[in-house]
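The primary structure of each chain is shown beneath.
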Amino acid sequence: MESDDKGITIYCGSSAGNDPRYAGAARAVGAAIAARGLPLVYGGGSMGLMGEAGRAARAAGGRTIAVIPQFMVDRGWNDPDSTDTVITVDMHARKRRMAAMACGVIAMPGGIGTFEELSEIITWRQLGLYGGNIVVLDIAGYYGHFLAQIDAAIAAGFLPADHRALFDVTDDPARAVALAARTPRDLQLHAKF
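The text that follows walks through the structure, step by step, so that each part is easy to find. (Residues numbered from 1 in each chain as written. Predicted model: local features only at pLDDT ≥ 70, side-chain atom pairs only at ≥ 80, totals over all residues. Heavy atoms only, no water.)

Some points on the pattern of salt bridges
Move 1: Applying the stated criterion across every chain yields a total of 9 salt bridges.
Move 2: In this structure, Glu52 and Arg55 form a salt bridge, with 3.9 Å as the shortest nitrogen-oxygen distance. Of the two residues, Glu52 and Arg55 both sit in helix 2 (residues 48–59), 3 residues apart, roughly one turn of that helix.
Move 3: Taking relative accessible area as the criterion, Arg55 reaches 39% and is therefore assigned partly exposed.
Move 4: For Arg58, the salt bridge goes to Asp79, with nearest N and O atoms at 3.2 Å. On the criterion of sequence distance, the pair formed by Arg58 in helix 2 and Asp79 in the loop between helix 3 (70–74) and strand 4 (84–88) is long-range, its members being 21 residues apart.
Move 5: Owing to a relative accessible area of 3%, Asp79 belongs among the buried residues under this scheme.
Move 6: One continuous salt-bridge network, built from bridges that share partners, spans Arg27, Glu52 and Arg55. (Salt bridge = Lys/Arg side-chain N within 4 Å of Asp/Glu carboxyl O. Helix = DSSP H or I, 4+ residues; strand = E, 2+ residues; numbered from the N terminus. Buried < 20%, exposed > 50% of the residue type's maximum accessible area, 1.4 Å probe, protein only.)

Structure follows, in structure tokens:
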């Protein structure tokens, strides 16, 4: 694996959820990333939406890069079929590496880990620590409450309204990949803190 590889990083659940549209979207994202000739960078799990996206990317002739901490490998949680695997010392190193390898990120449905990754990458974009694209893939309204909370933070004066431009939202997997893969736009935001 080349150290300068740039792909699309996905954040998503290590479970599939209870709506088949989530897994369908994960497969569509994996295939669309492969169709663009970009590597799919993911948390390295073989289960849930992570596994669905990885398998779909490889089935479409694409490359997958699993980024996973050693303790997860020790527990057997890694995807043994990933094209490449990067083992990190901990979760913090994993997130830094996944961001460094990304021209864009896509957040799909997931749990606390996905929420944390999405919030952190938006914060990094806000502070100028990450310059790539961020896309929220809102399948079946999954991120409705998250988006409402962002709007509530704007309304309450905790977030400038222009910070809503830190990320894009779509319910279409192919559009999410297109938005993540485009040349990142330079944001001119109001106060960053």
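Right, picking up where we left off after that structure.
Quick word on helix 2
Move 1: In this model helix 2 runs 17 Å from its N-terminal to its C-terminal C-alpha over 12 residues, within 8% of the 16 Å that 1.5 Å per residue would give.
Move 2: Most of helix 2 is tucked away, with 10 of its 12 residues classed as buried.
Move 3: Buried within helix 2 are the following residues: Gly48, Leu49, Met50, Gly51, Glu52, Ala53, Gly54, Ala56, Ala57 and Arg58.
Move 4: Elements that come into contact with the buried residues of helix 2 comprise strand 1 (7–11), helix 1 (20–35), strand 2 (40–42) and strand 3 (64–69).
Move 5: Taken from the residues just after helix 2, Gly61 is the one with a positive phi, measuring 85 degrees. (Expected span 1.5 Å × (residues − 1). Contact = heavy atoms within 4.5 Å.)

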